[in-house]
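Analysis of the macromolecular model
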Amino acid sequence: MTAEGKKLRIEEPEDYAVGVPGVAVAMRYAMAEMGPVRSARTLLTLNQTTGFDCPSCAWGDPAAGHRKMAEFCENGAKAVAWEATRKRVDRAFFAKHSVEELNQQSDYWLESNGRLTEPMYLAPGATHYAPISWDEAYKKIASKLTSLSDPDRAVFYTSGRASNEAAFAYQLLARRLGTNNMPDCSNMCHESSGAALTETIGIGKGTVTLEDISDHADLIVIVGQNPGTNHPRMLSGLEEAKQRGAKIVAVNPLPEAGLMRFKNPQKPKGVVGGGTKLADRFLQVRLNGDLALFAGVNKELLEREENGQSVLDKGFIEEFSAGFDEAAAAWRALDWAEIETHSGLSRAEIAAFADDVVASKAVTVCWAMGLTQHKNAVPTIREVMNFLLLRGNIGRPGAGPCPVRGHSNVQGDRTMGIWEKMPEEFLDALHKEFSFAPPREHGWDAVNSIRAMREGKVDVFLGLGGNFASATPDTGATWDGLRKCELTAHISTKLNRSHLVHGTEALILPCLGRTERDPNGFVTVEDSMSVVHGSHGKLAPGSPHQRGETDIICRLGLAMFGEDIGWGEMAADYSVVRDHIAAVVPGFSDFNARVAEPGGFTLPRPPHDTREFATASKRANFSINPVTSVVAPEGHLLLQTLRSHDQFNTTVYGLNDRYRGVHHGRRVVLVSEADLSSLGFADGDIVDLVSVWADGERRAPEFRIVKYPTPPGSAAAYFPEANVLVPLDSVADVSNTPASKSVVIRLERQK
Ligand code: SF4
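These notes cover the structure that comes with them. In this text, all values refer to a predicted model and were calculated from it rather than measured experimentally.

1. What about the overall build of the chain?
Helix and strand counts for the chain come out as 32 helices and 31 strands. Here the chain has a C-alpha radius of gyration of 25 Å; the compact-globule value for 751 residues is 27 Å, and the two agree. With the C-alpha coordinates aligned to their principal axes, the bounding extent of the chain is approximately 75 × 60 × 55 Å. By the burial criterion, 65% of the 751 residues in the chain qualify as buried. For the chain, the exposed surface amounts to about 24800 Å²; the carbon and sulfur share of it is 53%. Averaging the coordinates of the 80 positive side-chain charges in the chain and doing the same for the 94 negative ones gives two points 4 Å apart.

This is the structure we're talking about:
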């Protein structure tokens, strides 16, 4: 039985996404959390040019004037309902529930109780949080931070929901204090993309627009991404592309419904008909087999060129690239049997994929965590870039890389300076604008922050949104580290695990959400397509004690440093923050005026705009990426952690994953029939998942086995429940991103 009091039920996976059920589920959430009036007021302004930006994923919005009345998806509606709920977590709630008792509850239950209403403080040794005034709260944090023996004994964590203004003020606060310890959720998601793209094309972001996908690409390759759940409005763009004859190749270990068919509820055939078939080709790569696949197709394209077919864009290679000859030599040396073993695909399947490529003029590759959370993630994404460069698929309509961001403003936060290793130019501009010398030594990212906390090197952990205790790998290590801090403080909308896994003393600072009006001004965000636009909350704050994130950060700056760089002004009027951003961040000149335009503006993307590449060679770089993959030893499986359909990052909206046929439960592990019989288990068995690493074993107890069409050797389970299995030291080379998609485990029958 689950929290809902319903029995776990397993059905056949769906073969299509959205449809009428998508609308029904969205409306059910909206009515349950917001009621009819708030639902109308929020959902009809969601993603509209004068409305607020969806607090969920970072998929782009159609140009101004091209937005539908309902410009949102099921998961966008869930995110809004979850934030704009009428439920409240107030002082009576905290008086009733001790921290220890709350920590026994599920992540779903914690957040389902509603919005935080006032600042709460947990004194040293106390069992319950108690109310505290804002001024007292600021004083406590300010005195702790300004009395540190070393500014690097503080960590400033950022979740990707933070607006541009909040992110800019936050990095300013950390650097004014003297530290670059700024881990953010990007460290756990697209850090590998940033590293590979910066090296190959000189910019750490995607280069394509929404229109490149919906109007121009004639081949769209979707790799390691599950758009049906994680970027649902992308399906509309894919449907438009299909209707004009484009082809889609889906590469994924799992046959996700949102890759197969889309029933668009805003179209008749999506309501009464079969909807739109999406993937023309589904390549069921084995977990971590993507590098081998792209090395294989690149080898195939080269072989065809050398056999006299004209398949490579020689003009582009000569004029705009470097390193082709060396890469070509590496492809020639590859062995097809090795490629087949590592990819889990046959040469024939790879050759068929090459046929699709050769038949297309403009190729866009979209990807997400399925590529970024592996030891070899950076070489894999470099190989994807090799794939695009071979046929000049960059810097022209319909062509280029599209890492689809998970959180609504995670890309904007990085642009604003939320990174432990910002370039010298940014720090110089900050120095010039604010007349203080920012620290130059690189700080800690998420994994290194956990290591430092565990070693007792951190006194203060500050969280801007998010849920660090649940979002990070190696739950045991993270919790150990958080508990070693003297103070943990979180700027949050809802109660979550990070408030309960705390330092000697702890603070919760309730902030406004995207749906709410902030008296100090509107905020801005940047989506996966580098479009910067405004977000204007519509609802009155849920409590008189809630404050805007930017306001909270600037008032903390005021409490720490007085009026030295204009904290009060920035707190009271966010357009002042934007003027500072315009002076410091490239591409934001005249920010306030440009963002006032309907739909905002697009930041420069030189590889797309002018085929200019800010790399060391000033060219697009081919690279050599030896084919590797993680292979689980005999008797073990390779596990990927993933989201259910009722989940956004660590926020769990419900206990269903209807596309995969899982209802009323989350402690399930998806395993193939072949593996079950070879390992001697059966569908329905209850097992412990045990991960194996150099420093020992990690256990996640009581998972129900679900027979599922995964490739042999590959398993899957939801995070945050499975994060305990991900060793802290199991990270991607170069990017240090946790390798949450390739965890070696064994199934252990419950004693
Ligand atoms: S696609 Fe993403 S941004 Fe758009 S409404 Fe859905 S969750 Fe929100």
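2. Section: the pairing of strand β17 (residues 487-492)
Each regular strand displays side chains that alternate between the two surfaces of the sheet. Counted residue by residue, β17 has 6 buried out of 6 residues, so it is predominantly covered. Pairing analysis gives 5 bridges linking strand β16 (residues 460-464) to β17, with the strands arranged parallel. The residue bridging Phe461 from the neighbouring strand is Thr488, located in β17. Where β17 and strand β18 (residues 505-510) come together, 6 bridges link them in parallel fashion. Residue pairing in the sheet places Ala489 in a bridge with Leu507 of β18.

3. A short note on a negative patch on the surface
Taken together, the side chains of Glu563, Glu569, Asp573 and Asp579 present a region of like negative charge at the surface. Mapped onto the secondary structure, Asp573 falls in the loop between α28 (567-572) and α29 (574-584). Residue class for Asp573 comes out partly exposed when judged on its relative accessible area of 33%.

4. Side note on the pattern of salt bridges
Tallying each qualifying case throughout the model produces 52 salt bridges. For Glu303, the salt bridge is made with Arg347, and the minimal N-O distance between the two is 3.1 Å. In this pair, Glu303 sits in helix α15 (residues 290-306) while Arg347 sits in helix α19 (residues 347-358), placing the two residues 44 residues apart along the sequence. On the basis of relative accessibility, which here comes to 23%, the residue Glu303 falls in the partly exposed class. Take Arg347: its relative accessible area is 36%, and that puts it in the partly exposed class.

5. Considerations on the sheet that holds strand β10 (residues 261-263)
Judged by pairing direction, the sheet is mixed, and its 3 strands sit side by side in the order β2-β10-β11 without closing on themselves. Whereas interior strands pair on both sides, the edge strands pair on one side only; in this sheet they are β2 (17-18) and β11 (276-277). Here β10 pairs with β11 via 2 bridges, running antiparallel. By the bridge assignment, Phe262 is partnered in β11 with Thr276.

6. Here we look at helix α26 (residues 475-483)
Quick reminder: α-helices carry 3.6 residues per turn. Residues three or four places apart thus point the same way. Among all positions of α26, only Thr475, Ala477, Thr478, Gly481 and Leu482 are buried. Buried residues in α26, looked at end-on, bunch into an arc of 165 degrees, giving them a common side. Contacts made by the buried residues of α26 are with α24 (446-454), β16, α25 (468-471) and β17.

7. A word on the nonpolar core
With 61 residues, the main nonpolar core has Leu145, Phe156, Phe168, Phe434 and Phe588 as its most contacted residues. Those residues in contact with Leu145 that lie beyond four places of it in its chain are Ala154, Phe156, Leu177, Val460 and Met560. Counting residues in each nonpolar core, the second largest holds 52 residues, with Val285, Ile350, Val357 and Trp367 among its members.

8. Some words on the environment of Ala196
Residue position: Ala196 is located in helix α9 (residues 191-201). Once the C-alpha coordinates of Ala196 and Glu383 are considered, the two residues, 187 residues apart in sequence, prove to be 9.2 Å apart. Setting aside residues no more than four positions away along its own chain, Ala196 makes contact with Val378, Ile381 and Arg382.

Thresholds applied
Residues numbered from 1 in each chain as written. Predicted model: local features only at pLDDT ≥ 70, side-chain atom pairs only at ≥ 80, totals over all residues. Heavy atoms only, no water. Helix = DSSP H or I, 4+ residues; strand = E, 2+ residues; numbered from the N terminus. Rg over C-alpha atoms; globule rule 2.2 N^0.38 Å. Buried < 20%, exposed > 50% of the residue type's maximum accessible area, 1.4 Å probe, protein only. Areas by Shrake-Rupley, 256 points an atom, 1.4 Å probe, with all protein chains shown as cover. Lys, Arg positive; Asp, Glu negative; His and termini not counted. Charge placed at Lys NZ, Arg CZ, Asp CG, Glu CD. Pairing = 2+ DSSP bridges. Patch = residues over 30% accessible without salt bridge, like charges linked within 9 Å, V, L, I, M, F, W, Y side chains within 5 Å. Salt bridge = Lys/Arg side-chain N within 4 Å of Asp/Glu carboxyl O. Arc of directions from axis to C-beta. Contact = heavy atoms within 4.5 Å. Core = buried A, V, L, I, M, F, W, Y, C linked by side-chain atoms within 4.5 Å.

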